[in-house]
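# Working through the structure, step by step
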Amino acid sequence: MNGLSDKLVNILDSFDGRLLKLEASILPIHKSTQNLTKLANNIDATLKETENIVDCLNMPSKEEAYILKGPDENNVLPYLKAMGRLKDGVDAIEKSQLRSCEKTTYQMKQLLKAGMLHLETLFRKWLSAVSNPVDINTMLNSNSEMMTTASMKQLSQLSTYISSSEKEIGYSVDFTKPYIDIRSSFLQRSLHPLSQSVQLSEKHQGSSYERGSSEFLKYTECYTKMLESEYKFAQQIMGNEQRRAAALKGSIVPATVEYIAAGKQLNAVAKRLNYTETTFVFDIIEKFDRECISYVEELSHIVSLHDIQDMINSFKLTVLRNFYEFMEDVRGRKEVSQPTNLSSDGTVHEMTSNTLNYFKRLYIWRDTVEPLLVLIGDGGWNNMPSPQIMNDTSRIQQGESAIGAALLQKFFVDALDQMTVALQLKSRGYKKQTLATLFLLNNYNHILRQIRSPPLNAIFDDGSEMKFGKLVKKQLDAYQESWKPCVENLMDVTYVRGGAIKSSMGSQERQLIKERFKNFNTEFEEIARAQQTYAIPDTELRNQVIRDVKNVLVPMYGRFLDKYQNTDFTKNPAKYIRYDKDKVDRMISHLFEPTA
């Protein structure tokens, strides 16, 4: 058994020796085969690279005609592919570092530059195609919709390709100048009709202005929307931020200059108008502050738009100056001769009507007025504001609506106090005290009714209402005093003797009755004749005044007449008794008849 094992071990050892000899014989052959394979691969790669170089050397002659012809506007992709092949060819030749190919490389780069020039020309053409002026309705009703056309998409793709190819080709294409030339013209031609409409219409608005009707509001809205649209447009076209900022600035400057010029011209008109005729300024400020200022401030980080804010500030300064002019007007300081503008019938003064109407307009635009009052502070309306005050806009903070509302009320109350003094001074211009009394009565009553009624009742408190209620009562009492001469002649002159009324009179007593009737007739006729030309335009007040006179005068005259008309005070009663009780009543009813 041991012998068999030994034989198997010997056989296996011989196999191992033979395998080692076989490995020693095959290994050199294997190494030679690897080297041959590697050499073959190198030869194939060299042949392939040589073919590529040959193709690149032939590329200028193959692509020259196509590149120099320019791209097909309807299908620019093949042209871009040809440009891509030229770029790949340049890269391949430069990678080979073959000096003999330098001429070909130069030719290919020149073709690439020519191609880029054609693409730049196409960019200008497509940019012009999407830069036709748009009408007002398009501006008002469209935002980004103006940029969703197929041409716009092609333009965006083309600009992206050109921008990304600049480094590779070595030819820089700056679109800033053509962009500014084309887009500035587009913006200016689109907005110019609005500038013209502002110049033609705003000068004639005046006190008849209706809220929202200003052409400058439409101009402002269109300008802001076009500004926003242009910014989005530039973002798609101009990839480089610095170039985009320069292009935006250049493109919007002409339209912005024209917009600001229109605003300044309109503000100059407002300065020449009376404060009662500049309501449209509130509309402009409100429009800008509500809808435009946030975007303008946002864009100001990229493009300077401070001149627009300066223009709006000039409108605000005009409003603040109007507040001062208004207070001066209320005080009567602007009038050269106060009595000359008094009405002959004592009706409500124009200043009173204008002041209350101005209050109503300020209340309508209180959201705009209140921040301006906060800017000048309590009593600031009594001083002419300086332009420097607009630099201190930090005083206007969010959440100050309560302060603004309180200042608006204080402003109104202050104006009414000043106007009350002015009305009293104006009343001295009347030579007849009764007419002066009716003048004050009419004005105080008109003020009282207005501050009791919407919208002014939301501003004035019970204190103001009570104050003018007392002023009205005082003038009513003063007017009643004007009838005192008539009433005094109707005082009882009955003589009593021994507890009984005398049935007969002496000559002195009869003469006294005659004088009483005569004086009453004279006073009554004079008052009736004069006061028929006076006016109390408020029907309710007129009825109250007449009723108060009747309540005193008619009963007294009736008693006086009944007592003496059948006595023997005169042989000619018709000479002294000119009116019966009903006629006196009718004549009083015709006082203050409205003139036609």
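As a reminder, the structure under discussion sits directly above these lines.
Now for a look at the structure at hand. Because the structure is a prediction, the values reported are computed rather than measured. Residue indices follow the written sequence of each chain, beginning from 1 at its first position. Totals for whole chains, interfaces and linings use every residue, but because this is a predicted model, local features are given only for residues with pLDDT of at least 70 and side-chain atom pairs only at 80 or more, for both listing and counting. Note that the side-chain values use all heavy atoms of the structure and ignore hydrogens as well as water.

The next point concerns the environment of Arg243. Here a helix means four or more residues in a row that DSSP labels H or I, a strand means two or more in a row labelled E, and each is numbered from the N terminus. Within the secondary structure layout, Arg243 lies in helix H8 (residues 241–272). Of the residues examined, Arg243 reaches a relative accessible area of 24% and is grouped as partly exposed. Between the C-alpha atoms of Arg243 and Thr176, which are 67 residues apart in sequence, the distance is 6.3 Å. Between buried and exposed lies partly exposed: a residue is buried under 20% and exposed over 50% of the maximum accessible area for its type, with that area taken using a 1.4 Å probe on protein chains only.

Centres within 6.5 Å are what make two rings of Phe, Tyr or Trp a pair, Trp counting through its six-membered ring; a difference in plane orientation under 30 degrees is then read as stacked, over 60 as edge-to-face, and the rest as tilted. Under the defined criterion, the tally for this structure stands at 30 aromatic pairs. Judged by centre distance (6.1 Å) and plane angle (45°), the rings of Tyr179 and Phe233 are tilted. Here Phe233 lies in helix H7 (residues 215–237) and Tyr179 lies in helix H6 (residues 176–201), a separation of 54 residues in the sequence. Residue Tyr179 shares its accessibility class with Phe233, and that shared class is buried. Three or more aromatic residues joined by ring pairs form one cluster here, namely Tyr275, Phe323, Phe326, Tyr358, Phe359, Trp381, Phe411, Phe412 and Phe460. By definition here, charges over rings are those cases where NZ of Lys or CZ of Arg is within 6 Å of the ring centre and within 35 degrees of the ring normal. Against the face of Tyr363 rests Arg366, its NZ or CZ located 4.1 Å from the ring centre.

Turning our eyes to something else, we now look at the packing of helix H10 (residues 306–331) against helix H11 (residues 350–364). Lines fitted to C-alpha atoms define the axes here, with helix axes fitted over just the stretch in contact, and angles between the N-to-C directions of these axes take values from 0 to 180 degrees. Packing of H10 against H11 brings their axes to within 11 Å, and their N-to-C directions diverge by 155°. Comparing their axes, H11 and H10 come out roughly antiparallel. Read as a crossing pair, H10 and H11 show a hand that is left-handed. Residue-level inspection shows Asn322, Phe323, Phe326, Asp329 and Val330 of H10 in contact with H11, the latter providing Met351, Thr355, Tyr358, Phe359 and Leu362. Three classes are used, and their members are as follows: Ala, Val, Leu, Ile, Met, Phe, Trp, Tyr, Cys and Pro are nonpolar, Asp, Glu, Lys and Arg are charged, and the others, Gly among them, are polar. Its residues assigned to classes, the contact of H10 with H11 shows seven nonpolar, two polar and one charged. Should an angle fall under 35 degrees it is called roughly parallel, over 145 degrees roughly antiparallel, and 65 to 115 degrees roughly perpendicular, with every other angle called oblique. Each crossing gets its hand from how the near helix is turned against the far one by less than a right angle, where anticlockwise is left-handed and clockwise is right-handed. Note on contacts: a residue pair is in contact if any heavy atoms of the two residues lie within 4.5 Å.

For the rest of this paragraph, the subject is the layout of surface pockets. Using protein atoms alone on a 1 Å grid, points that fit a 1.4 Å probe yet trap it form a cavity, whereas open point sets bounded by protein on both sides within 12 Å along at least five of seven lines form a pocket; residues with an atom within 4 Å of a point count as lining. Grid points are joined across faces, edges and corners, and a volume is the space filled by probe spheres set on the points. The space that makes up the second largest pocket amounts to roughly 210 Å³. Every residue along the wall of the second largest pocket is listed here: Lys432, Thr434, Ser482, Pro485, Glu523, Glu526, Ile527, Ala530, Gln531 and Tyr534. The biggest single contributor to the lining of the second largest pocket is helix H17 (residues 507–531), with five residues. For the lining of the second largest pocket, a count of residues per class yields four nonpolar, three polar and three charged.

With respect to the helices, strands and loops of the structure, Phe175 is situated in the loop between helix H5 (150–169) and H6. On the accessibility criterion, Phe175 (3% relative accessible area) is buried. Spatially, the C-alpha atom of Phe175 lies 7.9 Å from that of Met238, the residues being 63 residues apart in sequence. Excluding its chain neighbours within four sequence positions, the residues that come into contact with Phe175 are Glu120, Phe123, Ile162 and Met238.

Glancing now at H10. What a helix should span is 1.5 Å times the count of its residues minus one. For H10, built from 26 residues, the straight-helix expectation of 38 Å at 1.5 Å per residue is met to within 8% by its first-to-last C-alpha distance of 38 Å. Most of H10 sits inside the fold, with 19 of its 26 residues counted as buried. Directly after H10, the chain includes Gly332, whose backbone phi takes a positive value near 85°.

Here the focus is the packing of helix H13 (residues 401–427) against helix H14 (residues 433–452). Two numbers describe how H13 lies on H14: the axes approach to 9 Å, and their chain directions differ by 160°. With respect to H14, the element H13 is oriented roughly antiparallel. Considering only the axes of H13 and H14, their crossing is right-handed. The residues of H14 that touch H13, namely those facing Leu416, Met419, Thr420, Leu423, Gln424, Lys426 and Ser427, are Ala436, Phe439, Leu440, Asn443, Tyr444, Ile447 and Ile451.

Moving on, we come to the side chain of Asn489. By secondary structure assignment, the location of Asn489 is in the loop between helix H16 (484–488) and strand S1 (496–497). Within 3.5 Å is the distance limit for a polar contact, defined as a pair of N or O atoms, with the added protein rule that one can donate a hydrogen and the other accept it, and that residues adjacent in sequence qualify only through two side-chain atoms. A distance of 2.7 Å separates a polar atom in the side chain of Asn489 from the backbone oxygen of Pro485. Dropping the residues within four chain positions of it, Asn489 is found in contact with Arg516, Asn519, Phe520, Glu523 and Phe560.

A separate point is H14. Between its first and last C-alpha, H14 extends 28 Å over 20 residues, near the 28 Å set by a 1.5 Å rise per residue. With 15 of 20 residues buried, H14 is to be regarded as a mostly interior element.

A general feature of soluble globular proteins is that nonpolar side chains tend to end up buried together. Among buried residues, those of type Ala, Val, Leu, Ile, Met, Phe, Trp, Tyr and Cys that are joined through side-chain atoms within 4.5 Å constitute a nonpolar core. Of all hydrophobic cores here, the largest spans 161 residues; its most connected members are Leu119, Phe216, Phe323, Phe524 and Leu553. If near-sequence neighbours (up to four positions away) are discounted, Leu553 is found in contact with Trp483, Cys486, Val487, Leu490, Phe520, Phe524 and Ile588.

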